[in-house]
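Topology and contacts: notes
Chain by chain, the residues run as shown.
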Amino acid sequence: MDLTLIEGLLKHTNFHDSSFYVAVVTIIFNPFFWNVVARWEHRTRTLSRLFGSPYLACYCLGFVIVLLNVYRSHSMTVAMKSQAKWEVMDRTDVFYAGVALMVLGTVLVVGSFLALGFTGTFLGDYFGILMDEKVTGFPFNITENPMYWGSTANYLGLALIGASPVGLVLTAIVAVVYAAAIQFEGPFTELIYQERSERRKHE
């Protein structure tokens, strides 16, 4: 690994910029929020009772998650625009690599949404809205978490297109936070489906 590039990246990133702090907070908060709320719902069914339907409750949480993610994207864009470009990244080949990553990321995100549907995408399992079987087709035959890694690819592409060193740093934080979220979500989702299997055995 070229330590010179890492040193240059850190040198060209202003870690004391307020917009950087805001972006980091939104990156960390979003998956923390939806995991806490979804687990609370799974345990108590409070939202389903409040809205009168698990589907309506899931739709409302999904809408909130979309708004939070829009704000996160906005915060990251503001942070990128508020800091200087890095001449090492300000090249045509880097720009087109960023475009390619955004195309790939968009395909993964949209493909994941089409495969899972709204409730499958926005934690419907935690509301008792379970899928009949595990989705294994595209894009899940490429990566197990296409929504997360597609989103990460989009942010990386945006950073490359903008020749933004702070964008690279923020994208790395996104990747770390998503990797941590997967460690919590994956086993818990498996547990939900195991519980359904046990119930079916006793029916």
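The notes below deal with the structure included here. (Residues numbered from 1 in each chain as written. Predicted model: local features only at pLDDT ≥ 70, side-chain atom pairs only at ≥ 80, totals over all residues. Heavy atoms only, no water.)

What follows is about the overall build of the protein. Scanning the protein from terminus to terminus reveals 7 helices and 0 strands. Counting from the amino terminus, the protein carries its helices and strands in the arrangement α-α-α-α-α-α-α. Expressed along its principal axes, the backbone C-alpha trace of the protein runs to roughly 65 × 35 × 25 Å. Split into buried and exposed, the 203 residues of the protein put 42% on the buried side. Counting contacts in the protein only where the partners sit at least 6 residues apart, residues at least 24 apart contribute 85% of the total. (Helix = DSSP H or I, 4+ residues; strand = E, 2+ residues; numbered from the N terminus. Buried < 20%, exposed > 50% of the residue type's maximum accessible area, 1.4 Å probe, protein only. Contact = heavy atoms within 4.5 Å.)

If you walk through the whole model with that rule in mind, you get 10 aromatic pairs. Centre to centre, the rings of Phe118 and Phe122 are 4.7 Å apart; their planes meet at 45°, and the pair counts as tilted. In textbook terms, an aromatic cluster arises when at least three aromatic residues are bridged by ring pairs, as seen for Tyr59, Phe113, Phe118 and Phe122. The ring of Phe188 has Arg39 sitting right over it, with the charged end atom 4.2 Å from the ring centre. (Phe/Tyr/Trp six-rings, centres within 6.5 Å; stacked < 30°, edge-to-face > 60°. Lys NZ or Arg CZ within 6 Å of the ring centre and 35° of its normal.)

For the rest of this paragraph, the subject is the pattern of salt bridges. By the definition in use, this model includes 1 salt bridge. Here Arg91 and Asp93 are joined by a salt bridge, their closest N and O atoms 2.7 Å apart. With a relative accessible area of 42%, Arg91 lands in the partly exposed category. We classify Asp93 as partly exposed; its relative accessible area is 44%. (Salt bridge = Lys/Arg side-chain N within 4 Å of Asp/Glu carboxyl O.)

Given 3.6 residues per turn, any residue in an α-helix points the same way as the ones three and four places further on. Under the 1.5 Å per step criterion, the end-to-end length of helix 6 (residues 146-161) is 22 Å for 16 residues, consistent within 8% with the ideal 22 Å. Every buried residue of helix 6 is accounted for by Pro146, Tyr148, Gly150, Ser151, Thr152, Ala153, Asn154, Tyr155, Gly157, Ala159 and Leu160. In the core, the buried residues of helix 6 are packed alongside helix 2 (18-44), helix 4 (54-82), helix 5 (92-121) and helix 7 (165-201). Backbone geometry just downstream of helix 6 places Ala163 in the positive-phi region, at approximately 50°. (Expected span 1.5 Å × (residues − 1).)

To continue, consider the layout of surface pockets. Computed from the structure, the largest pocket encloses a volume of approximately 1,300 Å³. What lines the largest pocket is a set of 43 residues, and nearest its centre among them are Leu116, Gly120, Thr121, Asn145 and Met147. Counting only elements with at least two residues in the lining of the largest pocket, the list comes to helix 4, helix 5, helix 6 and helix 7. It is helix 7 that provides the largest number of residues to the lining of the largest pocket, a total of 8 residues. Looking at the lining of the largest pocket residue by residue, the classes come out as 22 nonpolar, 12 polar and 9 charged. Where the lining of the second largest pocket is concerned, the elements lending two or more residues are helix 2 and helix 7. (1 Å grid on protein atoms, 1.4 Å probe; cavity = no way out; pocket = protein on both sides within 12 Å on 5 of 7 lines; lining within 4 Å. Points joined across faces, edges and corners; volume = space filled by probe spheres on them. Nonpolar A, V, L, I, M, F, W, Y, C, P; charged D, E, K, R; others polar.)

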